[in-house]
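Summary of the model geometry
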Amino acid sequence: MMAQKTGAGPLREVLIAQSREEIDDGYGNLEGVWVGTQKHPAAVEVRRGGEAVIAGRLQGVATYIVTARYSAAAAAITPGWRFVDARSGAVYSIRTAIHRPRRDYIDFDVEIGVADG
């Protein structure tokens, strides 16, 4: 499903892209830490809700489409990264990144309500 044409108006949310990096804790142990400060104006649309079995229990999962302007920084975002809403603090786990043919926008399929590891 292709997202609708997006103008500057609908990009009302500010999302921070974060990647997971392994950081040495000073004692020879590696600790996974989310880092990143790339801020992207974006549109967030609800796609569908569902349920997933996570850690042996049923948990509600909501799927969204995040649309951001194409840029080198946005193009570097891959599945496994996450977005954090700068206002609400909501965390969106990125599942796919779809570059539009004209390279004007990128659509990300994201989920909220799942554990990001």
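Residues numbered from 1 in each chain as written. Predicted model: local features only at pLDDT ≥ 70, side-chain atom pairs only at ≥ 80, totals over all residues. Heavy atoms only, no water.

1. Here's the deal with the pairing of strand β6 (residues 105-112)
The cut-off we apply is this: Residue exposure (1.4 Å probe, protein chains only): buried if accessible area is under 20% of the type maximum, exposed if over 50%, otherwise partly exposed. Helix and strand assignments follow DSSP, with helices taken as H or I runs no shorter than four residues and strands as E runs no shorter than two, numbered in order from the N terminus. A pair of strands counts as paired when DSSP detects no fewer than two bridges linking them.
Of all 8 residues in β6, 6 are buried; the element is thus mostly enclosed. Both strand β5 (residues 91-99) and β6 contribute to a ladder of 6 bridges, which runs antiparallel. Paired with I98 across the strands is D107, a residue of β6.

2. Details of the nonpolar core
So the rule is basically this: Residues grouped as a nonpolar core are buried Ala, Val, Leu, Ile, Met, Phe, Trp, Tyr and Cys residues, joined through side-chain atoms within 4.5 Å. Note on contacts: a residue pair is in contact if any heavy atoms of the two residues lie within 4.5 Å.
Grouped together as the largest cluster of nonpolar side chains are 17 residues, with contacts concentrated most on V66, I77, F83, Y92, I94, F108 and V110. Elements represented by at least two residues in this core include exactly β1 (13-24), β3 (57-69), β5 and β6. Dropping the residues within four chain positions of it, I77 is found in contact with A17, Q38, H40, F83, I94, A97 and F108.

3. Let's talk about the pairing of β5
Pairing between strand β4 (residues 82-85) and β5: 3 bridges, direction antiparallel. Looking at β5, one finds that V84 is bridged to V91. Linkage of β5 to β6, two consecutive antiparallel strands, is achieved through a turn of 5 residues, within which R103 is found at a positive phi near 55 degrees.

4. Quick look at the pattern of salt bridges
Stated formally: Whenever a carboxyl oxygen of Asp or Glu lies within 4 Å of a side-chain nitrogen of Lys or Arg, that contact is scored as a salt bridge.
This structure, assessed with the given rule, holds 3 salt bridges. For E111, the salt bridge goes to R95, with nearest N and O atoms at 2.9 Å. Taken together, the residues span a long stretch of sequence, with E111 in strand β6 and R95 in strand β5 at a distance of 16 residues. With relative accessibility at 37%, the residue R95 sits in the partly exposed group. A salt bridge links R100 to D107; its shortest N-O distance comes to 3.0 Å.

5. Side note on unusual backbone geometry
For R103, which is not glycine, the phi dihedral falls at a positive 55 degrees. As for its placement among the helices and strands, R103 is situated in the loop between β5 and β6.

6. A few points about a negative patch on the surface
Which entries qualify depends on this criterion: Distance thresholds for patches are 9 Å for like charges and 5 Å for nonpolar side chains (Val, Leu, Ile, Met, Phe, Trp, Tyr), applied to residues having over 30% relative accessible area and no salt bridge. Areas reported as accessible are Shrake-Rupley estimates using a 1.4 Å probe. Residue values count occlusion only from the protein chains shown. A residue counts as positive if it is Lys or Arg and as negative if it is Asp or Glu; His and the chain ends are not included. Taken as the charge location is NZ of Lys, CZ of Arg, CG of Asp or CD of Glu.
A cluster of acidic side chains, namely E22, D24, D25 and E31, defines a negative patch on the protein surface. Note on placement: E31 falls in strand β2 (residues 30-54). E31 sits in the partly exposed class, given a relative accessible area of 44%.

7. Re the side chain of Q18
Definition in use: Polar contacts here mean pairs of N or O atoms no more than 3.5 Å apart (in protein, one a potential hydrogen donor and the other a potential acceptor; neighbouring residues in sequence count only if both atoms are side-chain atoms).
Position of Q18 relative to the elements: it lies in strand β1. A relative accessible area of 13% means that Q18 is categorised as buried. A distance of 2.7 Å separates the side chain of Q18 from the side chain of R82, its partner in a polar contact. What Q18 contacts, discounting residues up to four positions off in sequence, is W34, V35, G36, W81, R82 and V84.

The analysis is restricted to geometry; functional conclusions fall outside its scope.
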